[in-house]
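Remarks on the overall topology
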Amino acid sequence: MTPADIRVLVVEDDPVAADAHALYVGRVPGFTVSGTVHSGADARRHLEAHPVDLLLLDLYLPDGHGLALVRTLRAAGHTADIIAVTSARDLTVVREGVSLGVVQYVLKPFTFATLRDRLTRYARFRATTGEASGQDEVDRALAALRAPQPQPAALPKGLTAATLRAVTDVLRAAGGGLTATEAAADVGISRITARRYLEHLVVSGRAARAPQYGQVGRPELRYRWSGH
């Protein structure tokens, strides 16, 4: 442990899970395990005797809900931050936790990589000090806690987002589906171009295709929207 290490108390009623979480925390540079306890009462006793910066807190403890423990700690003047570790997916609980100072939620089961990411983000947030020069700096400090938003997949070469939106709109509006010829007429592009966009929607799982048999000639493919 170095003087700059973030001291973590693991609060988890399952001894096996508690040991695993403590092992994970100990593997992240800049963090050290202050202790491992299995109830809210043990957590309060530990905090009275040892300095702690962060609680890795299970919300379902044998002697009460984890958020009730947080309320008690806040009333007693304890300011340690909280990362909730839970299988609960109730967003009402999430909102309540935020109001009590829960800075992160980690849903069980999780991997070491997931917890390492959350701890690393918390460390970056904690390292922000001084006075912000403006709104952008405040936003960056808060963003350090948030997981990055997934980026949309890149379009194949030659396809544009604007035309894809247009093809998507006409396909979604066509209850019985469309052929490439019909889509081309609706959007104002060539049949070959329309088919490229329709095939992209099929590959990405947002459309399905099936042959449409006519009177003569080869069957034409009809595309139907199946995405979101």
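See the structure shown above.
Bear in mind that the values here come from a model prediction, so they are computed numbers and not experimental data.

Okay, the overall build of the protein chain next. Of regular secondary structure, the protein chain possesses 9 helices and 10 strands. The proportion of buried residues among the 228 residues of the protein chain is 39%. Of the contacts formed within the protein chain by residues at least 6 apart in sequence, a portion of 58% connects residues at least 24 apart. Split by element, the accessible area of the protein chain, about 13100 Å² in all, is 55% carbon and sulfur.

Next up on the list: the environment of valine 187. Within the secondary structure, valine 187 sits in helix α8 (residues 180-187). On a C-alpha basis, the gap between valine 187 and alanine 166 in space is 6.5 Å, while along the polypeptide they are 21 residues apart. Excluding residues that lie within four positions of it along the chain, valine 187 makes contacts with Ala166, Val167 and Val170.

Burial analysis of strand β3 (residues 54-58) places 5 of its 5 residues in the buried class, which makes it a mostly covered element. By the alternation rule, side chains of β3 split into Leu54, Leu56 and Asp58 and Leu55 and Leu57, which are all buried. Across 4 bridges, strand β1 (residues 6-11) lies against β3 in parallel orientation. The residue bridging valine 8 from the neighbouring strand is leucine 54, located in β3. Where β3 lies against strand β6 (residues 81-86), 5 bridges are found, and the strand directions are parallel. Across the sheet, the residue bridging to aspartate 58 is valine 85, located in β6.

We now examine the pattern of salt bridges. In a structure, side chains of opposite charge can pair up when their charged atoms sit close to one another. Within this structure, the stated rule accounts for 10 salt bridges. Between aspartate 53 and arginine 126 there is a salt bridge, with its nearest N and O atoms 3.1 Å apart. One end of the pair, aspartate 53, is in the loop between α2 (40-49) and β3; the other, arginine 126, is in helix α5 (residues 112-127), and 73 residues separate them in sequence. Residue arginine 126 is classed as partly exposed on the basis of its relative accessible area, which comes to 37%. Linking glutamate 182 and arginine 222 is a salt bridge whose minimum nitrogen-to-oxygen distance equals 3.4 Å.

The rules behind the values
Residues numbered from 1 in each chain as written. Predicted model: local features only at pLDDT ≥ 70, side-chain atom pairs only at ≥ 80, totals over all residues. Heavy atoms only, no water. Helix = DSSP H or I, 4+ residues; strand = E, 2+ residues; numbered from the N terminus. Buried < 20%, exposed > 50% of the residue type's maximum accessible area, 1.4 Å probe, protein only. Contact = heavy atoms within 4.5 Å. Areas by Shrake-Rupley, 256 points an atom, 1.4 Å probe, with all protein chains shown as cover. Pairing = 2+ DSSP bridges. Salt bridge = Lys/Arg side-chain N within 4 Å of Asp/Glu carboxyl O.

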